[in-house]
Structure formats: C-alpha cells, structure tokens
Amino acid sequence: MSSDLVDIKFRLYDGSDVGPFRYSSTSTVDMLKERVVSDWPKGKTVIPKSANEVKLISSGKILENDKTVGQCRIPFGELTGGVLVMHVVVQPSLAKMKTEKKIDKSPKKAACSCSIL
C-alpha cells in the first residue's frame, strides 16, 4: 500500500520549501492547501490568511480544490519514490482586492499637458 502514498513538498515564492509531507493519493488539493497555510513559515512578507488565497501549481497547471493527489500526479507515473514539488502562489481574496481598488479611486488632480508649437 506504500504506492498509495505520495511525498509532496511545496515551493514558496522566495524559493524556500515547506515539507516534504506524505499524503494519500485520495487526499484533495484543498487538504494540501490547508496544510500549507497551517505550516506557513514565520517571518515571510506574504502570508495567506486562508486556503482560499493559496493556489497550487503542478506541471504548469493550477490545481482545482476538488482534485485528488492521485489525479494531479498522472503525468508523474514514472516518478516512483521521488518527491513531487508543487509551487505555491498567494493571491489575496477578491473582496480585499475590490476594497483596495475603491480606496485607490481617490479624486485625481488635473495633469499638466505640454504643447509643441
């Protein structure tokens, strides 16, 4: 049954790693995200507040929350005994981004223009 387990480490934006951790092939991407958020290293400039702000990327594809580890590692069938590396991207939630945009929409001052005669 050890072939049912997958070692995964998570590569953060600055090149540092979290893990590796061992997961069952039936673990979901959402479960992986929860683990990344709970084990996020202290002192990083970007810190996710929830799993919804985390995107996991494997083989150049953003992984969907309802996919299992087994479904995500299909291209890595020959990689037995290796550690699968997933890249982690942190995106602030849309609600936060919308409020920041509202703040940025302050009245703009008239800009100077030049005319060449």
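Criteria and thresholds
- Residues numbered from 1 in each chain as written.
- Predicted model: local features only at pLDDT ≥ 70, side-chain atom pairs only at ≥ 80, totals over all residues.
- Heavy atoms only, no water.
- Helix = DSSP H or I, 4+ residues; strand = E, 2+ residues; numbered from the N terminus.
- Buried < 20%, exposed > 50% of the residue type's maximum accessible area, 1.4 Å probe, protein only.
- Contact = heavy atoms within 4.5 Å.
- Areas by Shrake-Rupley, 256 points an atom, 1.4 Å probe, with all protein chains shown as cover.
- Pairing = 2+ DSSP bridges.
- pLDDT = per-residue confidence, 0-100.
- Core = buried A, V, L, I, M, F, W, Y, C linked by side-chain atoms within 4.5 Å.

*Asks:* So what about the overall build of the chain? Which residues, and what values?
*Replies:* Secondary structure assignment for the chain yields three helices and five strands. For the chain, the α and β elements follow one another from N to C terminus as β-β-α-β-β-α-β-α. Split into buried and exposed, the 117 residues of the chain put 25% on the buried side. Sequence separation of 24 or more characterises 58% of the internal contacts of the chain that already satisfy a separation of 6 or more. Element-wise, carbon and sulfur atoms account for 56% of the exposed surface of the chain, whose accessible area totals about 8,500 Å².

*Asks:* Can you explain the pairing of strand β2 (residues 17–24)? Please cite residues and give values.
*Replies:* Two strands pair when backbone bridges link them, and strand β1 (residues 5–11) and β2 are joined in this way by six bridges, in the antiparallel orientation. In the sheet register, Asp7 faces β2, and the bridge partner there is Arg22. The antiparallel pairing of β1 with β2 creates a hairpin that spans five residues between the two strands, and Gly15 there sits at a positive phi of about 95°.

*Asks:* Give me the confidence of the model for the chain: which residues, what numbers.
*Replies:* Mean pLDDT over the chain: 78, with 70% of residues reaching 70 or higher. Least confident of the elements in the chain is helix α3 (residues 94–104), whose mean pLDDT is 51; most confident is helix α1 (residues 29–38), at 92.

*Asks:* Explain unusual backbone geometry to me, and be specific about the residues and the numbers.
*Replies:* For the bond running from Gly19 to Pro20, omega is 15°, close enough to zero to count as cis. Among the secondary structure elements, Pro20 is positioned in strand β2. A positive phi is found at Ser59, a non-glycine position, where the angle reads about 55°. Checked against the element boundaries, Ser59 lands in the loop between β3 (54–58) and β4 (61–62). By relative accessible area, Ser59 is classed as partly exposed at 47%.

*Asks:* So what's going on with the nonpolar core? Which residues, and what values?
*Replies:* With 21 residues, the main nonpolar core has Ile8, Phe10, Tyr23, Leu32, Leu56, Met86 and Val88 as its most contacted residues. Elements supplying a minimum of two residues to this core: β1, β2, α1, β3, α2 (69–72) and β5 (83–90). Per-element tally for this core: the top contributor is α1, with four residues. In this structure Tyr23 touches Asp4, Leu5, Val6, Ile8, Phe10, Leu32, Arg35 and Val69, once residues within four positions along its chain are discounted.

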